Every structure is written in C-alpha cells, then in structure tokens.
Amino acid sequence: MAQRRFRRKTEHYFDYSLLFIILFMTGFGLVMIYSASAYDAALQMDNETYYLTHQAFAAVLGIVGMFVVSRIPYHFWEHFAVLGYGVSMLLILLVLTPLGIEANGARRWLNLGISVQPAEIAKLAMILFLSSMICKMGRNVRTGKGFWIILAMAMPHCLLVWRVTDNMSSAIIIFGIAFLMLFVATPDYKRFMLLGALAAVGGGLRIYVIARAATAEDSGFRVARILAWLDPEAYASGRGFQTLQALYAIGSGGIFGKGLGQSIQKLSYLPEQQNDMIFAIICEELGLFGGIAVILIFVLLIWRLMVIANNAADLFGALLVVGVMGHIAIQVILNIAVVTNTIPNTGISLPFISYGGSSVMFLLLEMGLVMSVARGIRLKDV
C-alpha cells in the first residue's frame with residue numbers, strides 16, 4: 001500500500017488533450033492546404049499535391065522532433081539559450097548572402113539543404129533566451145532597470161528581422177512574445193499600461209496622418225497598405241485586391257459554407273490562399289461555423305497551455321510555456337485580423353494550418369518544449 005502511494009506521488013503528468021489538439025490542427029491544416037492549393041499547384045507545378053507533400057514532409061519531421069524534445073528535460077536547453085540567441089541572429093544576416101532565397105519579392109529564406117525561414121528560428125530562440133535571462137535576473141527584473149534591460153535584449157532580433165528580411169509582422173510577434181513574458185514576470189503593470197497607451201496614441205496619429213495622403217501610389221508600400229485598409233474598394237485593383245477577395249470568400253461561405261473543396265476564390269482569385277489567407281478559404285468552404293470552430297480550437301489550445309504554465313515545476317518552465325502561448329496567440333489574432341480587414345494587411349500565417357514548412361516544424365518543436373515542461377509536473381496523491 002505504501003509503495004503504491006509512493007508511485008502515485010511521483011507520477012508524471014501527460015496532457016493527452018494537448019497532444020490531440022496539436023495532431024488534429026496539423027492534420028486539419030494538411031487537408032485545408034490541399035483543398036486551397038490543388039488548383040494552383042496543378043496549373044503552376046503540374047502536380048496538384050505539390051504543396052501538400054512539402055507540408056506533410058515538414059509536419060512529419062516536426063512531429064518526430066516534438067516527441068524527441070518532449071523526452072528531454074527542458075532545463076537542458078537553458079545551457080544553449082545564449083548560443084541560440086546568437087546563432088539565430090547570424091542566420092538572419094545570412095539571408096543577405098548567396099544562401100538567401102527570394103520569393104514573392106521578399107528575401108526571407110535560407111537554403112540549408114532545405115528551405116528555412118530564420119524568423120521562425122528567432123521566435124524559438126527568443127523564448128529560450130528570455131526565459132533564461134528573466135530567471136537569472138530574479139527579483140531585479142521587477143525594477144525599472146531590469147524591465148528596460150529585458151526589452152532591450154529583444155530589440156536586436158526585432159530590428160534584424162524587420163530590416164534585414166523586411167518582415168515587420170514577425171518582428172511584431174517577437175516583440176509581443178518578449179512583452180508578454182515580461183508582463184507575466186513583473187507584478188507592476190503601470191509600465192505596461194504606459195507603453196500600451198503610447199503605442200495606441202502613436203499608432204492612431206500615424207493612421208490619421210496617412211489617411212490624409214492623396215493616393216497609395218504616391219507613398220511607400222506600408223503607407224499604401226494602410227490606405228487600402230481604410231478603404232479597400234478604392235484600391236480594388238491594387239493593394240486592396242487581396243483583402244477584398246478574402247472578404248468575398250468569407251461572405252460567400254454563409255453559415256455552413258459551400259462544402260470542402262468547393263471554394264471559388266481559390267481558383268486564382270485570392271492570392272496566397274494556401275498561406276496567409278487560408279482562413280478565408282476555411283470560412284468559404286466550411287462557413288461561419290467552420291471559422292468559429294477553428295477559433296475555438298485555438299482557444300482550447302491556449303487554455304491547455306495556461307494550465308501547464310500555472311502548474312509548471314519552476315519559473316523557467318512556466319516562462320517557456322508562456323512564450324509559446326504568446327507566440328501562438330499573437331499570430332492567430334494577427335492572421336484572423338488581417339483576413340477580416342480588422343488591421344492593415346501584412347503577411348502572417350495561421351499556426352499549424354497555413355502552408356509553410358519552417359513555421360509548422362518550429363511550432364511543433366515548441367510544442368515539444370511545452371510537453372517537456374508538462375512532464376515535469378508531478379501529480380499529487382489525492
């Protein structure tokens with residue numbers, strides 16, 4: 001009897017519901033990528049499964065990596081936090097060398113035998129690095145000096161991703177991850193309220209000034225995107241084209257959609273339909289019901305991550321999970337906001353569902369870290 005009680009006290013936790021959500025989202029993503037991309041792939045690549053096979057290969061690698069990482073104690077990775085931080089910055093700079101790959105007018109990928117996007121590595125590196133630094137700083141992170149030191153540590157990654165790869169959306173996500181991790185580690189919320197207010201006022205003033213511009217054609221592409229966001233119909237043949245096509249897809253889907261594989265907008269009308277705009281295809285084929293179901297699944301995923309973070313064995317593990325949670329939550333919110341024209345158009349994928357080998361692979365590795373933290377939770381004897 002005493003031996004059974006001892007075994008129960010040392011029993012480790014495993015979150016099967018989290019695993020189910022991860023595998024379901026990855027599988028659902030493969031189905032939607034095939035549905036959204038088969039037509040264009042057949043026309044351009046003469047192979048309707050081109051995007052599906054590439055994504056499936058990355059997903060399989062990611063799932064294997066996830067299970068391997070989940071079996072490694074998460075404190076092992078703390079030793080490589082600084083090294084990972086430096087290597088990720090180096091990989092971003094390598095985009096400027098002949099190893100860099102340009103696609104769709106953007107140079108954001110590296111040819112390392114397989115195509116890799118350094119921004120995805122930078123997100124994982126930032127989570128590991130800040131988790132380690134916040135733990136090492138201890139209570140000093142609560143001081144004004146500690147607060148600004150942590151934010152300053154995040155800025156090199158943000159600036160490199162933004163300026164070198166011209167990927168502002170990834171820079172925003174990286175900064176958002178750092179901001180959320182610092183928010184969790186710091187009990188004084190006045191600084192966050194002040195920064196949020198300054199950002200809101202600055203963004204509002206910027207939009208007001210841009211709204212007074214004459215035309216999108218006379219301005220830079222980011223200014224043009226904001227003008228097209230404010231009035232997409234006025235720029236229907238230019239910057240507003242993708243947004244309008246996405247809204248047409250969402251509107252035409254109705255409550256229950258046209259049926260899986262029956263989208264019209266994917267027939268060369270909606271650009272990047274298998275990538276940034278896949279949520280619009282989901283709404284067109286599966287309707288408002290399907291769109292809300294996807295959002296609810298992400299809510300369930302965030303909830304499970306919150307449960308693991310709250311019960312983590314130590315601060316380092318909790319911060320790792322908070323960083324992953326912030327990454328997924330920010331990216332989901334931004335992607336859906338872009339597709340529904342709630343914010344200006346910017347290239348950002350929907351986690352686990354959009355096409356992108358680097359994205360799904362490193363997201364699954366992050367899930368492996370989360371599962372490793374979950375394994376460190378010890379079940380109490382009841």
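Residues numbered from 1 in each chain as written. Predicted model: local features only at pLDDT ≥ 70, side-chain atom pairs only at ≥ 80, totals over all residues. Heavy atoms only, no water.

Asks: Quick question: what am I supposed to make of the pattern of salt bridges here?
Replies: A side chain of one charge can pair with a side chain of the opposite charge when the charged atoms of the two come close. Applying the stated criterion to the full structure yields 4 salt bridges. As a salt-bridge pair, Asp 15 and Arg 304 come within 2.9 Å of each other at their nearest N and O atoms. Taken as a pair, Asp 15 in the loop between helix H1 (2–9) and helix H2 (16–44) and Arg 304 in helix H11 (residues 278–310) lie far apart in primary sequence, 289 residues in all. Taken as a pair, Asp 15 and Arg 304 share a single burial class, namely buried. Residue Glu 284 pairs with Lys 258 through a salt bridge whose shortest N-O separation is 3.0 Å. Of this pair, Glu 284 sits in helix H11 while Lys 258 sits in the loop between helix H10 (241–253) and H11, placing them 26 residues apart in sequence. Judged by relative accessible area, Glu 284 falls into the buried class, the value being 0%. Lys 258 sits in the partly exposed class, given a relative accessible area of 34%. (Salt bridge = Lys/Arg side-chain N within 4 Å of Asp/Glu carboxyl O. Helix = DSSP H or I, 4+ residues; strand = E, 2+ residues; numbered from the N terminus. Buried < 20%, exposed > 50% of the residue type's maximum accessible area, 1.4 Å probe, protein only.)

Asks: How should the sheet that holds strand S3 (residues 115–116) be read in this particular structure?
Replies: In sheet architecture, strand pairing relies on hydrogen bonds along the backbone and comes in two forms, parallel and antiparallel. In spatial order, the strands read S1-S2-S3; together these 3 strands make up an open sheet with antiparallel pairing. Of all strands in the sheet, those bounded by a partner on one side alone are strand S1 (100–103) and S3. The pairing of strand S2 (residues 106–111) with S3 spans 2 bridges and is classified as antiparallel. Residue Leu 110 lies in a different strand from S3, and its bridge partner there is Val 116. (Pairing = 2+ DSSP bridges.)

Asks: Would you mind showing me how to read the pairing of S2 here?
Replies: For a regular strand, side chains alternate in direction, first toward one face of the sheet and then toward the other. The pairing of S1 with S2 spans 4 bridges and is antiparallel. The residue bridging Ala 103 from the neighbouring strand is Ala 106, located in S2. In sequence, S2 turns back onto S3 through a hairpin of 3 residues, with Gly 113 there showing a positive phi of about 90 degrees.

Asks: Looking at this structure, I do not really get unusual backbone geometry. What am I missing?
Replies: Unusually for a residue other than glycine, Asp 46 sits at a positive phi of about 55 degrees. Residue position: Asp 46 is located in the loop between H2 and helix H3 (50–70). A relative accessible area of 72% means that Asp 46 is categorised as exposed. In this model, Glu 272 sits at a positive phi of 55 degrees, which is unusual for a non-glycine residue. Residue position: Glu 272 is located in the loop between H10 and H11. Judged by its relative accessible area of 26%, Glu 272 falls in the partly exposed class.

Asks: What am I meant to see in the packing of aromatic side chains here?
Replies: The description of an aromatic ring pair rests on the distance of the ring centres and on the angle between the ring planes. Enumeration over the complete set of coordinates arrives at 13 aromatic pairs. Both rings, one in Phe 76 and one in Trp 77, keep their centres 5.0 Å apart while their planes meet at 80 degrees; by these two values the pair is edge-to-face. Classification of Trp 77 by relative accessible area gives partly exposed; the value is 23%. Ring pairs connect the aromatic residues Phe 20, Phe 24 and Phe 28, which therefore count as one cluster. (Phe/Tyr/Trp six-rings, centres within 6.5 Å; stacked < 30°, edge-to-face > 60°.)

Asks: Can you walk me through helix H12 (residues 315–339) in this structure?
Replies: An α-helical turn contains 3.6 residues, so any two residues separated by three or four positions project in the same direction. Its 25 residues give H12 an end-to-end C-alpha distance of 36 Å, which sits within 8% of 36 Å, the value for a rise of 1.5 Å per residue. The element H12 is largely enclosed, with a buried count of 21 among its 25 residues. The backbone nitrogen of Phe 316 has a side-chain oxygen 3.5 Å away, supplied by the residue at the start of H12, namely Asp 314. Trailing H12 by a residue or two, Asn 341 shows a phi angle of about 60 degrees, which is positive. (Expected span 1.5 Å × (residues − 1). Polar contact = N/O pair within 3.5 Å; in protein donor to acceptor, adjacent residues only side chain to side chain.)

Asks: Hey, could you run me through the nonpolar core in this one?
Replies: Across soluble globular proteins, nonpolar side chains have a tendency to be buried as a group. If you look at the biggest cluster of nonpolar residues, it comprises 101 residues, and the most contacted ones within it are Phe 298, Leu 301, Ile 328, Phe 352, Ile 353 and Met 367. Dropping the residues within four chain positions of it, Phe 352 is found in contact with Ile 22, Met 25, Thr 26, Gly 29, Phe 298, Leu 301, Ile 328, Val 360, Leu 363, Leu 364 and Met 367. (Core = buried A, V, L, I, M, F, W, Y, C linked by side-chain atoms within 4.5 Å. Contact = heavy atoms within 4.5 Å.)

Asks: Could you clarify how one ought to interpret H3 in this entry?
Replies: Between the first and last C-alpha of H3 there are 30 Å, a value that for 21 residues agrees with the 30 Å anticipated at 1.5 Å per step. Summarising the contacts, the buried residues of H3 are in contact with H2 and helix H13 (357–375).

Asks: Help me understand the layout of surface pockets in this model?
Replies: If a probe the size of a water molecule is rolled over the atoms, the empty space left behind becomes visible. Its boundaries defined by the atoms lining it, the second largest pocket holds a volume of some 340 Å³. What lines the second largest pocket is a set of 13 residues, and nearest its centre among them are Trp 77, Gly 84, Leu 124, Leu 128 and Phe 362. Looking at which element gives the most residues to the lining of the second largest pocket, the answer is helix H5 (residues 118–137), with 4 residues. Its residues assigned to classes, the lining of the second largest pocket comprises 11 nonpolar, 2 polar and no charged. (1 Å grid on protein atoms, 1.4 Å probe; cavity = no way out; pocket = protein on both sides within 12 Å on 5 of 7 lines; lining within 4 Å. Points joined across faces, edges and corners; volume = space filled by probe spheres on them. Nonpolar A, V, L, I, M, F, W, Y, C, P; charged D, E, K, R; others polar.)

Asks: Looking at this model, I keep getting lost on the packing of H11 against H13. Mind explaining?
Replies: Two quantities define a packed helix pair, namely the angle between the helix axes and the distance between the axes. Running from amino to carboxyl end, H11 crosses H13 at an angle of 40 degrees, the nearest separation of the two axes being 10 Å. Judged by the inter-axis angle, H11 sits oblique to H13. Of the two possible hands of crossing, H11 and H13 adopt the one that is left-handed. Here Leu 301, Leu 305 and Ile 308 of H11 lie close against H13, whose contacting residues are Met 367, Val 370, Val 373 and Ala 374. Class assignment for the residues of the contact of H11 with H13 results in 7 nonpolar, no polar and no charged. (Axes fitted to C-alpha atoms, helices over the stretch in contact; angles between N-to-C directions. Parallel < 35°, antiparallel > 145°, perpendicular 65-115°, else oblique. Left-handed = near helix turned anticlockwise from the far one by under 90°.)

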